[in-house]
Amino acid sequence: EAGVTQSPTHLIKTRGQQATLRCSPISGHTSVYWYQQALGLGLQFLLWYDEGEERNRGNFPPRFSGRQFPNYSSELNVNALELEDSALYLCASSPSSGGIQYFGAGTRLSVL
Amino acid sequence: QKEVEQNSGPLSVPEGAIASLNCTYSDRGSQSFFWYRQYSGKSPELIMSIYSNGDKEDGRFTAQLNKASQYVSLLIRDSQPSDSATYLCAVNSAGGTSYGKLTFGQGTILTVHP
């Protein structure tokens, strides 16, 4: 069974650009979560989607947004990129709301 | 006070020893507790989940939960060099603004030396 898949693996952008990150959950999982892991800051919760709806949001500015599609895959959009947005972005999925979260390999975003 | 705190590392133990990792949390409404292992440059991998007070054993790993003390720990018996990684404690609260999200500690770096 395939795990959580994320694309791209690496993404290089310049300040002010937009980045789109994609995530496909484990088959049968309806919840998708996004986390940011910046150097020295640990894993920080960004967004949670379940059944196509945003259920919770972390302490991040509105330029971090996303959506979940009918097939439960999700994308994270980061607008007006700033240098401090450089981080590993991890997607996780769970079979139900609040269930055990399984992580994908992540997308490493570098903002130059 | 941080929401989830882990004992500061790095922690170094010899091969075959017991490694003890500790974590405290501030939200008394927390209901689910997890330990993830993260190798350098890789994503977190679930090791253990625990939901009720007491011990839970899985192979060489034992998770311990004490909700009254707001404390959760992970013991690794017969530590192996392959256990060398960062161990992340994560807590899931039931409701309010914390609903659904995992709150992570900063992680403890464990090194098992031969």
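Now for a quick tour of the structure. Just so it is clear, the structure is predicted and the values come from calculations on it, not from any experiment.

Residue and element names in this part refer to chain A. The strand order across the open sheet built from 4 strands is β1-β3-β8-β7, with neighbouring strands paired in antiparallel fashion. Both edges of this open sheet fall to β1 (5-7) and β7 (64-68), since each of them pairs with a single strand only. Direction aside, neighbouring strands of the sheet carry axes that sit 20° apart on average. Pairing geometry for β1 and strand β3 (residues 19-24), over 3 bridges, is antiparallel. Opposite Thr5, over in β3, you have Ser24 as the bridge partner.

Inspection of the entire model under this criterion finds 2 disulfides over all chains. Two residues share a disulfide in this structure: A:Cys23 and A:Cys91, whose sulfurs sit 1.8 Å from each other. Between A:Cys23 and A:Cys91, the S-S dihedral sits near -65°, and the bridge is therefore left-handed. Here the residue A:Cys23 occupies a position in strand β3, and A:Cys91 occupies one in strand β9 (residues 87-94), the gap between them amounting to 68 residues. Taken as a pair, A:Cys23 and A:Cys91 share a single burial class, namely buried. Linked covalently through their sulfurs, B:Cys23 and B:Cys89 form a disulfide whose S-S length is 2.1 Å.

Applying the stated criterion across every chain yields a total of 7 salt bridges over all chains. When the shortest N-O distance is used, the salt bridge between A:Arg67 and A:Glu75 registers 3.0 Å. Using a relative accessible area of 44% as the deciding quantity, one classes A:Arg67 as partly exposed. Here B:Arg37 ties to B:Glu45 by a salt bridge, and the two come within 3.1 Å at their closest N and O atoms. When its relative accessible area of 35% is taken as the criterion, B:Glu45 is described as partly exposed.

Further remarks concern the packing of aromatic side chains. Scanning the model with the defined rule gives 11 aromatic pairs over all chains in all. Their ring planes at 65° and their centres at 5.8 Å tell us that A:Tyr35 and A:Phe45 sit as a pair that is edge-to-face. Residue A:Tyr35 is found in strand β4 (residues 31-38), and its partner A:Phe45 is found in strand β5 (residues 42-50); the two are separated by 10 residues along the sequence. Just as A:Tyr35 is buried, A:Phe45 falls in that class too. Judged by centre distance (6.1 Å) and plane angle (90°), the ring pair of B:Phe34 and B:Tyr51 falls under edge-to-face. Placement of the pair is B:Phe34 in strand β4 (residues 30-38) and B:Tyr51 in the loop between β5 (45-50) and β6 (54-58), with a sequence separation of 17 residues. In this structure B:Phe34 comes out as buried when scored by relative accessible area, which is 1%. With a relative accessible area of 38%, B:Tyr51 lands in the partly exposed category. By way of ring pairs, the aromatic residues A:Tyr35, A:Phe45, A:Phe103, B:Phe34, B:Tyr36, B:Tyr51 and B:Phe104 are connected into one cluster.

Each value, and the rule that gives it
Residues numbered from 1 in each chain as written. Chains lettered and ligands numbered in written order. Predicted model: local features only at pLDDT ≥ 70, side-chain atom pairs only at ≥ 80, totals over all residues. Heavy atoms only, no water. Pairing = 2+ DSSP bridges. Helix = DSSP H or I, 4+ residues; strand = E, 2+ residues; numbered from the N terminus. Axes fitted to C-alpha atoms, helices over the stretch in contact; angles between N-to-C directions. Disulfide = S-S within 2.5 Å. Buried < 20%, exposed > 50% of the residue type's maximum accessible area, 1.4 Å probe, protein only. Salt bridge = Lys/Arg side-chain N within 4 Å of Asp/Glu carboxyl O. Phe/Tyr/Trp six-rings, centres within 6.5 Å; stacked < 30°, edge-to-face > 60°.

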